Amino acid sequence: MVPQSFIQELLNRIDITDVVGRYVPLRKVGGNFSACCPFHNEKTPSFVVSPTKQFYHCFGCGKHGNAINFLIEHTGVSFVDAVENLAASAGLQIPAQQVVTYSRVFESGLSLTKKEGEQDKAEESVQQMVESMKTAAQYYRSQLKNAEQAIAYLKKRGITGEIAVRFGVGYAPANRQNLASVFSEYPLKQSENVLVKVGLVIRGNDGKHYDRFRNRIMFPILDQKGRIIGFGGRVLDAGEPKYLNSPETPLFIKGRELYNLFAASKAIRKAGRALVVEGYMDVVMLAQHDIDYAVATLGTATTPFHIQKLLRQTDKIIFCFDGDSAGRKAAWRALENSLSQLRDGKEISFLFLPENEDPDSYVREYGKESFEALVDQALPLSKFFYGELSGRVNLQTSEGRAGLVQHARPLLAQISGAPVLALMLIKQLSQLTSINQNELEGLLQIKRKALFSRPNLKRPQPVTPYRKLIQLILHDPVYVGKLEKSMLTGDDEQNDEKTLLIELMDFFHALSPQDLEEATLLSIKAYFCDNPCYELLETIEKEISMWGEGVDIDAEFAGILLRLREMRRKQRMAVLHSKPLNLLTSEEKRELQQLYVS
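Residues numbered from 1 in each chain as written. Predicted model: local features only at pLDDT ≥ 70, side-chain atom pairs only at ≥ 80, totals over all residues. Heavy atoms only, no water.

Quick word on the overall build of the chain
Short version of the rule: A helix here means a DSSP run of H or I that spans at least four residues, while a strand means a run of E at least two residues long, and both kinds are numbered starting from the N terminus. Whether two residues touch is decided by their heavy atoms; if any such pair falls within 4.5 Å, the residues are in contact. For the accessible areas, the method is Shrake-Rupley and the probe is 1.4 Å, while residue cover comes only from the protein chains on display.
Regarding its fold elements, the chain presents 25 helices and 16 strands. Long-range contacts, defined as pairs at least 24 residues apart, comprise 64% of the intrachain contacts of the chain with a sequence gap of at least 6. Of the roughly 30,300 Å² that the chain leaves accessible, carbon and sulfur atoms contribute 50%.

Here's what the structure looks like:
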């Protein structure tokens, strides 16, 4: 947990123009600075940085925020990494006792605090692991120079020495204990062996250690800080597995990392699109043909985290798969995991290569122009969505059309962040099934966000207790001390609001009394900017800004607590009423009586 007082001090200490200026050439216009937006392609500058407000805003795409937001959006790093980056540039040290060492712990939403000594030890351990990976990469590169078989393999695949150096390609010799020559700690027992922790070495049943990677072409995997966090090894012969990745480690979580994203970020922004392929060799060969905006998943299906990372870099993602059944299955999994991350204005499409072709073989055979012509013709998500689902049913029968609705229903329900696209997909479903759209929406029972705001001043929509509590504790965080999680009811329709409320409570409860008093909306938003509930937080912030004068906060808070207690009472009564009377215990009967009169 980074103290809110520190975040505010950091934002006060740095100048946003210096931060943005590292990545974007700025031109002074009056009291502000202007540039072509780094988040979308444009010829006329619409991106403005205000040194007085310490804020950036693009009038073209709508991106805006402070220096922390900019680093997260532009480089794709996590909140904690962005704060660490800015703190280092400002000469500030984050209070060690409250910092979470692993940024992925923050990203996964877990709460973790460490004592100062434990924190120092954890940081030292991470540094050791990073240094070990760096040393191993240097060793593998040195071994490639004299590995004739490996060099012959790379030449056969058409990889030049220049591109091999660019990607840090190396070679792991065939012997069982190659790394023992560069690591004195190689034989240490497992609990103390950093090589075992990072997956470079395996401890066998006989208690001896041996290298995980042997007789393989080695591809280092970098995180978004440019640190080596894992390896992918491609076998030279016909052995299995063809590709071997590092295991899950404190440094490397496959479902969150993409091969080549660190190096490809600039090219992705320039091209205005990211190409997702399946293998290291595909990425390397495409780069050799000047297609630098390709990344690859790491031996796992595409995850929502992958999509989220890429959509921070670009508005357009193209998945490239083989055209066989396995490729289409992988594409469908990617589509399913993309739905929750979709936003209007973002595009996801799918490219299926001709039979027996992959990006590596196709670009070698036909060249860059031909390959990019295929990329330009990639299938939009909407077409792939209904093309795939329609193939599972017979649309000529009523039963088949009913089946299509059932197949589409749970998938459409996941598209919560793209109301326009969701509406278009429902319209397509209406056309395919010949069901009136209004009737179809009733059957689907999908709650869509309103496309346009139509406030009714005479009959305002009631605010849920959870939303009201969020408003109140954002307005004055001190009220969180009067809240307990036990006050919150069980599952209900306001799931997003309840999730945000609980996370805000956890956040505020972890602060010291002084930090709680100093917490501001700006610092709270900075902390939650990498959170799935961030959009909801922004919406509620706007609602607070529209409050009139004379709001009685104490009365509002007391009223909400009464509503929560009443909700809990009715829910508990419903649970007890659902049981047959003869099965109620004597304690439950007394409880039911008390609930009636309370």
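A short note on the layout of surface pockets
Selection criterion: A 1.4 Å probe that fits but cannot get out identifies a cavity on a 1 Å grid over protein atoms alone, an open set with protein on both sides within 12 Å along at least five of seven lines counts as a pocket, and a residue lines either if it has an atom within 4 Å of a point. Grid points are joined across faces, edges and corners, and a volume is the space filled by probe spheres set on the points. In the scheme used here, Gly and all other residues not listed as nonpolar or charged are polar, with Ala, Val, Leu, Ile, Met, Phe, Trp, Tyr, Cys and Pro taken as nonpolar and Asp, Glu, Lys and Arg as charged.
Empty space within the second largest pocket amounts to approximately 840 Å³. Lining of the second largest pocket is provided by 33 residues; of these, His-74, Ser-265, Lys-266, Arg-269 and Gln-313 occupy positions nearest its centre. For the lining of the second largest pocket, the secondary-structure elements that each account for two or more residues are helix 3 (67-75), helix 4 (79-90) and helix 10 (261-271). At six residues, the largest contribution of residues to the lining of the second largest pocket is made by helix 10. Per-class residue counts for the lining of the second largest pocket are 13 nonpolar, 11 polar and nine charged.

Digging into empty space enclosed by the protein
According to the stated counting rule, one finds one cavity of 30 Å³ or more in the structure shown. Counted as a void, the largest cavity has a volume near 30 Å³. What lines the largest cavity is Phe-39, Lys-63, Arg-269, Leu-311, Arg-312, Gln-313, Thr-314, Asp-315 and Lys-346. Of all the elements, helix 12 (residues 304-313) adds the most residues to the lining of the largest cavity, at three residues.

A look at the sheet that holds strand 11 (residues 243-245)
This is how the line gets drawn: When DSSP finds at least two bridges between two strands, those strands are taken to pair. Each axis is a line fitted through C-alpha atoms, taken for helices only over the stretch in contact, and angles between the N-to-C directions span 0 to 180 degrees.
Ordered by their spatial adjacency, four strands build an open sheet running 6-9-10-11, and the pairing between neighbours is antiparallel. Lying at the two open borders of the sheet, with one neighbouring strand each, are strand 6 (170-172) and strand 11. This sheet shows a mean twist of 35 degrees between the axes of neighbouring strands, independent of strand direction. Relative to strand 9 (residues 216-222), strand 6 runs antiparallel, the two sharing three bridges. Pairing of Tyr-171 across the sheet is with Ile-217, part of strand 9. Across the sheet, helix 11 (residues 280-288) touches strand 9, strand 10 (228-235) and strand 11, and the angle it forms with strand 9 is around 80 degrees.

As for the packing of helix 16 (residues 398-412) against helix 17 (residues 419-433)
The following threshold applies: Each angle gets one of four labels, with under 35 degrees taken as roughly parallel, over 145 as roughly antiparallel, 65 to 115 as roughly perpendicular, and the rest as oblique.
Following both chains from N to C, one finds helix 16 and helix 17 inclined at 170 degrees, their axes separated by 10 Å at the closest point. The orientation of helix 16 with respect to helix 17, classified from their angle, is roughly antiparallel. Along its contact with helix 16, which presents Arg-401, Leu-404, Val-405, Ala-408 and Leu-412, the element helix 17 presents Leu-425, Ile-426, Leu-429, Leu-432 and Thr-433. Residues of the contact of helix 16 with helix 17, tallied by class, amount to eight nonpolar, one polar and one charged.

Section: unusual backbone geometry
Let me state the cut-off plainly: A 1.4 Å probe rolled over the protein chains alone gives each residue an accessible area, and that area as a share of the maximum for its type sets the label: buried under 20%, exposed over 50%, partly exposed in between.
Here Asp-290, not a glycine, exhibits a phi torsion of approximately 65 degrees, which is positive. As for its position among the elements, Asp-290 is in the loop between helix 11 and strand 13 (294-296). What makes Asp-290 exposed here is its relative accessible area of 54%. With phi around 65 degrees, Asn-356 is a residue other than glycine that occupies positive phi space. Residue position: Asn-356 is located in the loop between strand 15 (347-353) and helix 14 (359-376).

Here's the deal with the pairing of strand 10
For strand 10, the tally of buried residues reaches eight of eight residues, placing the bulk of the element in the interior. With seven bridges joining them, strand 9 and strand 10 adopt antiparallel strand pairing. Pairing of Pro-220 across the sheet is with Phe-231, part of strand 10. Here strand 10 pairs with strand 11 via three bridges, running antiparallel. Looking at the pairing, Gly-232 lines up with Asn-245 of strand 11.

Notes on the environment of Asp-322
Checked against the element boundaries, Asp-322 lands in strand 14 (residues 316-322). Looking at Asp-322, the relative accessible area reads 26%, which means it is partly exposed. For the pair Asp-322 and Glu-355, spaced 33 residues apart in sequence, the C-alpha separation works out to 7.1 Å.

Details of helix 10
Residues of helix 10 that are buried include every one of Leu-261, Ala-264, Ser-265, Ala-267, Ile-268 and Arg-269, and no others. Lining the buried residues of helix 10 we find helix 3, strand 12 (274-277), strand 13 and helix 12. Positive phi appears at Gly-272, one or two residues downstream of helix 10, with a value of about 75 degrees.

Some words on helix 15 (residues 381-390)
For helix 15, a buried count of seven out of 10 residues is recorded, marking the element as mostly surrounded by other parts of the structure. All of the buried residues in helix 15 are Leu-381, Ser-382, Phe-384, Phe-385, Tyr-386, Leu-389 and Ser-390. Against helix 13 (325-338), strand 15, strand 16 (379-380), helix 16 and helix 17 lie the buried residues of helix 15.

Some points on the pattern of salt bridges
To keep things clear, this is the line we draw: Each reported salt bridge corresponds to a side-chain nitrogen of Lys or Arg within 4 Å of a carboxyl oxygen of Asp or Glu.
In the structure shown here, the tally under the stated rule is 13 salt bridges. Of the charged contacts, one joins Lys-309 and Glu-257 as a salt bridge, the two residues approaching to 3.5 Å between their closest N and O atoms. In this pair, Lys-309 is assigned in helix 12 and Glu-257 in the loop between strand 11 and helix 10, connecting sequence segments 52 residues apart. Pair check on accessibility: Lys-309 and Glu-257 agree, each one buried.

Some points on the sheet that holds strand 1 (residues 27-29)
Adjacent strands of a sheet pair through backbone hydrogen bonds, lying either parallel or antiparallel. A sheet is described by the order of its strands in space; here five strands give the open sequence 1-2-3-4-5, paired in antiparallel fashion. Two strands close off the open sheet at either side, each with one partner strand: strand 1 and strand 5 (64-65). Two elements, strand 3 (residues 47-50) and strand 4 (residues 55-58), share four bridges in a ladder whose sense is antiparallel. Bridging from a neighbouring strand, Val-48 pairs with His-57 of strand 4. Relative to the sheet, helix 3 contacts strand 3, strand 4 and strand 5, its axis offset from that of strand 4 by approximately 45 degrees.

Let's talk about the state of the cysteines
Cysteine pairs can be linked by a disulfide, which is a covalent bond between their two sulfur atoms. Cut-off, in case you're wondering: Here, a disulfide means two cysteine sulfur atoms that sit within 2.5 Å of each other.
Evaluation of the coordinates by the stated rule reveals zero disulfides. Free of any disulfide, Cys-58 has its nearest neighbouring cysteine sulfur in Cys-37, separated by 3.5 Å.

Concerning the packing of aromatic side chains
The criterion, for reference: What counts as a ring pair is set by centres within 6.5 Å for rings of Phe, Tyr and Trp (its six-membered ring), and what kind of pair is set by the plane angle: stacked under 30 degrees, edge-to-face over 60, tilted for all other angles.
Taken as a whole, this structure holds 25 aromatic pairs when the rule is applied. For the pair Phe-219 and Tyr-259, a centre-to-centre distance of 6.4 Å together with 85 degrees between the ring planes defines the contact as edge-to-face. Taken together, the residues Phe-219 in strand 9 and Tyr-259 in the loop between strand 11 and helix 10 connect sequence positions 40 residues apart. Side by side, Phe-219 and Tyr-259 carry an identical accessibility label, which is buried. An aromatic cluster is built from Phe-319, Phe-321, Trp-332, Phe-350, Phe-352, Phe-384, Phe-385 and Tyr-386, whose rings are joined through pairwise contacts.

Keep in mind these values describe shape, not function.
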